[in-house]
Amino acid sequence: MAPTVDAKARETEIDLLERAREVLPAGSFGNIALDLIIKEGHAGRVRDMSGNEYVDFLLGSGPMFIGHAHPDVTAAVQAQIPLGTTFFASNEAGIALAEDICAAMACADKLRYVSTGSEATLYAMRIARAHRKRDKILKFEGGYHGMSDYSLMSLAPKTLANYPQSDPSSAGIPARVRDEMLIAPFNDLDTVRSLISEYAEDLAGVIAEPFQRLIPPKPGFLEGLREITAEHGIPLIFDEIVTGFRFSYGGAQEFYGVTPDMCTLGKIIGGGFPLAAVVGSEELMSHFDAAAVDPDGFLPQIGTLSGNPVAAVAGRATLEVLRRPGAYERVNETGQRLMDGLAKALGDAGVAGQVVGVPPLFDVFFSDEPIVDYRATLRADTAKAKIFNDALRANGVLKGDSKFYVSLAHTDDDIALTLNAFSIAAKAVANA
Ligand SMILES: Cc1ncc(COP(=O)(O)O)c(C=O)c1O
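These notes cover the structure that comes with them.

Analysis parameters
- Residues numbered from 1 in each chain as written.
- Predicted model: local features only at pLDDT ≥ 70, side-chain atom pairs only at ≥ 80, totals over all residues.
- Heavy atoms only, no water.
- Near = heavy atom within 4 Å.
- Polar contact = N/O pair within 3.5 Å; in protein donor to acceptor, adjacent residues only side chain to side chain.
- Areas by Shrake-Rupley, 256 points an atom, 1.4 Å probe, with all protein chains shown as cover.
- Nonpolar A, V, L, I, M, F, W, Y, C, P; charged D, E, K, R; others polar.
- 1 Å grid on protein atoms, 1.4 Å probe; cavity = no way out; pocket = protein on both sides within 12 Å on 5 of 7 lines; lining within 4 Å.
- Points joined across faces, edges and corners; volume = space filled by probe spheres on them.
- Helix = DSSP H or I, 4+ residues; strand = E, 2+ residues; numbered from the N terminus.
- Pairing = 2+ DSSP bridges.
- Buried < 20%, exposed > 50% of the residue type's maximum accessible area, 1.4 Å probe, protein only.

Here we come to the site of the ligand. The full set of residues close to the ligand is Thr116, Gly117, Ser118, Tyr144, His145, Gly146, Glu209, Arg213, Asp239, Ile241, Val242 and Lys267. Taking Arg213, its side chain carries an N or O atom lying 3.0 Å from an oxygen atom of the ligand. When the free accessible area of the ligand is taken as 390 Å², the share hidden by the protein chains comes to 80%. In the shell around the ligand, the residues fall into three nonpolar, five polar and four charged.

Below, the structure written as structure tokens:
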């Protein structure tokens, strides 16, 4: 399928892009810079204002795991809306979704809702500090936990300092935050072990993406991390905002068989609406309960839209679809076909690139060396990645700069179209 542009519709789209530049910094919402406006999404495809249709691997940056406008999610939301859209007080859907999540996640005795993943990780780190009565958090270089001052340390450091020195990846972060975050290399258990041993007395917690961006953990890495943190009584937080209900119903903790003390969830659990959560052991989550802890261990936490009933019914409907027999088998099969097809297209075109990730979430790195940590990702060829992504888009495939998110709704036709686009895009890279 070549994009089919309706000239008049394209004019309207360009006009809207110009209007955006008048009122939005950089003309965008800050998320992804595209010269198109998405008009609608159905199942595994989206359509822009010009009328071009794309097989969608952006998936709203991950929430739309069962596809856009899934009829069960739409029906649940349509049933809730006439009953009221937010109350600030407990509601049945929010409680029922919390039950579903606590039943699914091995680390979850209790749950607290927030609206975004950034808030979830902020509170998880704060709970660790309240619990340990210490300030420092260890995170991994290149690990993404959202937009708080703490999470933005060494997300994309400008200078590659010696570990555990942190570096702010945004302007506007107070200088002293640098001292509160320790940075370690992902997948390097020896360095992590020695840092945790050295700083154990000052450490409140460790936060990690169990699958960091696109980098799978080496065998034994998560197990080792679990062991070292447990040895020192330091809470281990898995940021499962991407992996939760995606790698398996029980998240990366089930997929890799390593249970943290807390995890953060977002994306899929809101079914395409703003909802995220921090979940964890009874003991850690008790810091949110003034009656359960000393006043100096209490952590007040309020959010206007927390547990929003529309988001909760959408999340429940999504999880219900995922519990159906064969759901994960199907996503994995789709993703595997795409990963294999991508590797073949690169090989056929004689392009040095490697497909990294797992079937529900992967991408290509134009690099020969193993992608084991953030520093290895820096040595991949981003100019080639741009040529590849642009060629995919010109041939009806939409993705983010650095990820293919696969959905349950992608069809054989979507796969066939994508495999064809892979072969064209790989040749474009070879000829560049
Ligand atoms: C691993 C991880 N943590 C946290 C976040 C932040 O979530 P949100 O964008 O909902 O604030 C994201 C968002 O992509 C994420 O991928």
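Picking up after the structure, the text goes on.
As a further point, take the layout of surface pockets. There is about 400 Å³ of room inside the second largest pocket. Taken together, 16 residues line the second largest pocket, and the ones lying closest to its centre are Ser90, Arg112, Tyr113, Ser306 and Gly307. For the lining of the second largest pocket, the elements supplying multiple residues, two or more each, are helix H3 (92-104) and strand S4 (110-114). Broken down by class, the residue content of the lining of the second largest pocket amounts to seven nonpolar, eight polar and one charged.

A word on the sheet that holds strand S12 (residues 361-365). Paired through their backbone hydrogen bonds, the strands of a sheet run either parallel or antiparallel. Strand order in the open sheet made by the three strands is S11-S12-S14, with antiparallel pairing throughout. Either end of the sheet is taken by a strand with one partner, and the two such strands are strand S11 (354-358) and strand S14 (404-405).

Each regular strand displays side chains that alternate between the two surfaces of the sheet. For strand S10 (residues 276-280), the buried fraction is high: five of the five residues fall into the buried class. The two faces of S10 match: Ala276, Val278 and Gly280 on one face and Ala277 and Val279 on the other face are all buried. As defined by bridge partners, S4 adjoins S10 across five bridges and the pair is classed as antiparallel. Counterpart to Arg112 in the pairing with S10 is Val278. As paired strands, strand S9 (residues 262-265) and S10 are joined by four bridges and run antiparallel to one another. Residue pairing for S10: Cys263 is matched across the bridge by Val279.

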